[in-house]
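# Coordinate analysis (summary)
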Amino acid sequence: MDSCRGARTAVIVGAGVAGLTAATALARGGWRVEIAEVGPPEAPSGWGLCLTGPSLRALDELGLADACLAEGYGMSTITHVDVNGEPADEVRLPRLMGARRPAMVGIARPVLHRILYAEAEKCGAVIRHGVTVAAVDQDRELVRVRLSDGTVRRVALLVGADGIRSSTRGLLGLEASLDFHGQMVWRALVPRPLWATGIHQFAGKTDTAGLVPLSDSQAYVFLTENGVEQSVLPDAELAPRLRQLLEAFPGRVQEMRSLISVSESVVRRPVLTGLLEGTWSRGNSVVIGDAAHAPAPQMASGAALAIEDGLVLAREIRRHESVGAGLQAFVSRRTQRCRTLVETSVAIAALEQTQRHHEAYPLADSCHRLMAEPA
Ligand SMILES: Cc1cc2nc3c(=O)[nH]c(=O)nc-3n(C[C@H](O)[C@H](O)[C@H](O)COP(=O)(O)OP(=O)(O)OC[C@H]3O[C@@H](n4cnc5c(N)ncnc54)[C@H](O)[C@@H]3O)c2cc1C
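Keep in mind that this is a model prediction, so the values were computed, not measured.

## Structural notes on the layout of surface pockets
Roughly 180 Å³ of internal volume is contained in the second largest pocket. Looking at the second largest pocket, the residues that line it are M184, S231, V232, L233, D235, L238, S263, E264, V266, V267, R268 and R269. Elements represented by at least two residues in the lining of the second largest pocket include exactly helix 6 (235-246) and strand 16 (266-276). With four residues, the top contributor of residues to the lining of the second largest pocket is strand 16. Here the residues of the lining of the second largest pocket sort into six nonpolar, two polar and four charged.

## Considering the packing of helix 2 (residues 53-61) against helix 8 (residues 302-319)
Two elements in contact, helix 2 and helix 8, have axes separated by 8 Å at closest approach and are oriented at 35°. As helix 2 runs across helix 8, the sense of the crossing is left-handed. The segment helix 2 lies against helix 8, with P54, S55, R57, A58, L59 and E61 engaging A303, A304, I307, E308, L311 and R315. Tallied by class, the residues present in the contact of helix 2 with helix 8 amount to seven nonpolar, one polar and four charged.

## Regarding the site of the ligand
Around the ligand sit 31 residues in total, of which E37, C50, R109, T132 and D290 are the nearest. Within the side chain of E37, an N or O atom sits 2.6 Å from an oxygen atom of the ligand. Note that an oxygen atom of the ligand is positioned 3.4 Å from one of the backbone N or O atoms of G302. When the free accessible area of the ligand is taken as 1000 Å², the share hidden by the protein chains comes to 81%. Counting only elements with at least two residues in the shell around the ligand, the list comes to helix 1 (17-28), strand 2 (32-37), strand 3 (48-51), strand 12 (176-191) and helix 8. Sorting elements by how many residues they give to the shell around the ligand places helix 8 first, with four residues. Grouping the constituent residues of the shell around the ligand by class yields 18 nonpolar, eight polar and five charged.

Cut-offs used in this document
Residues numbered from 1 in each chain as written. Predicted model: local features only at pLDDT ≥ 70, side-chain atom pairs only at ≥ 80, totals over all residues. Heavy atoms only, no water. 1 Å grid on protein atoms, 1.4 Å probe; cavity = no way out; pocket = protein on both sides within 12 Å on 5 of 7 lines; lining within 4 Å. Points joined across faces, edges and corners; volume = space filled by probe spheres on them. Helix = DSSP H or I, 4+ residues; strand = E, 2+ residues; numbered from the N terminus. Nonpolar A, V, L, I, M, F, W, Y, C, P; charged D, E, K, R; others polar. Axes fitted to C-alpha atoms, helices over the stretch in contact; angles between N-to-C directions. Left-handed = near helix turned anticlockwise from the far one by under 90°. Contact = heavy atoms within 4.5 Å. Near = heavy atom within 4 Å. Polar contact = N/O pair within 3.5 Å; in protein donor to acceptor, adjacent residues only side chain to side chain. Areas by Shrake-Rupley, 256 points an atom, 1.4 Å probe, with all protein chains shown as cover.

The structure is reproduced here in structure tokens:
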């Protein structure tokens, strides 16, 4: 694509959820898209994701919801269990794709990545691995993008979809602070217990645990560890430490605990959030997904925002005469929704820290209902 110049050409930085979705939506609208991904071609390993109604609805618009439902585990309820192991609340999430399809889907990350990646390539996006963006200049109606391999593109659109630690954001001079919330989150892949047909969340005396089905045979256990510093544990310590933290919970958590066996299936990450304070765009460049707004995982909606961003970006660019005007319309449509989600996730993280779960449930419920409104 070195020769490609100008009109309806885009460089997207990052082949994650936001970048791949934006690539598909733009390529379907006639754009020539190149993705610069710093990582290797292999799909990301690790735990799974819960894709809530807004993600599924957006994937359906791309024709990909049924593929995710076929390979993941469709479900519609979140059961909250109190510190004594008794059911405290059951939230039925809105079925945004009609009564016949479930409200959400649990899916392994590599499976979602494979589905999004294959579609982006099928639509003509060129995905290059092991490269990043080194410099960016707005040059009249075009953006001059220098990649880390020394090659240069002059394109009509640059999209930074390079995640919470986005370097594109810095190159564009956009400021975002990352906040740590005194929590580490754990994920462990386990065989799905037969009773797990929806999400289960267990309040603990200090921490919060849960289970999300990913397929008929697989699920992931999660644990949010409260009141801790950011730290890294050696891999060999992950499974034993997670089992130890789960010891404090009664009831079904003990069954889940007994399923955690090897450390390769366990990951531990800090709860970080980020939000751009001002605009997300400069000239013909924009940042989307976690690069612009990274919620805490408590609302299980970061991927929903990332997928919606890709769709709405392509739609607004199509609707406007110039790319710059399309980007401004995109940012003004997305800012409030994304801010509300990030702020709600931060509020829930704070309530969890003080075990005020009964206050967190209605907050999450009303935010899910707000997110059910069209993007
Ligand atoms: C523990 C945890 C659990 C979560 N659970 C859920 C959940 O259940 N449901 C949900 O909806 N969301 C969940 N999220 C949030 C979700 O994972 C993110 O919101 C989503 O992945 C954001 O997509 P993205 O494409 O913006 O960023 P990413 O998925 O982070 O993708 C960014 C891509 O850019 C690449 N990249 C990074 N830097 C560069 C660079 N300089 N140059 C080129 N490429 C680069 C990366 O390699 C990556 O491929 C969770 C997050 C965490 C941390």
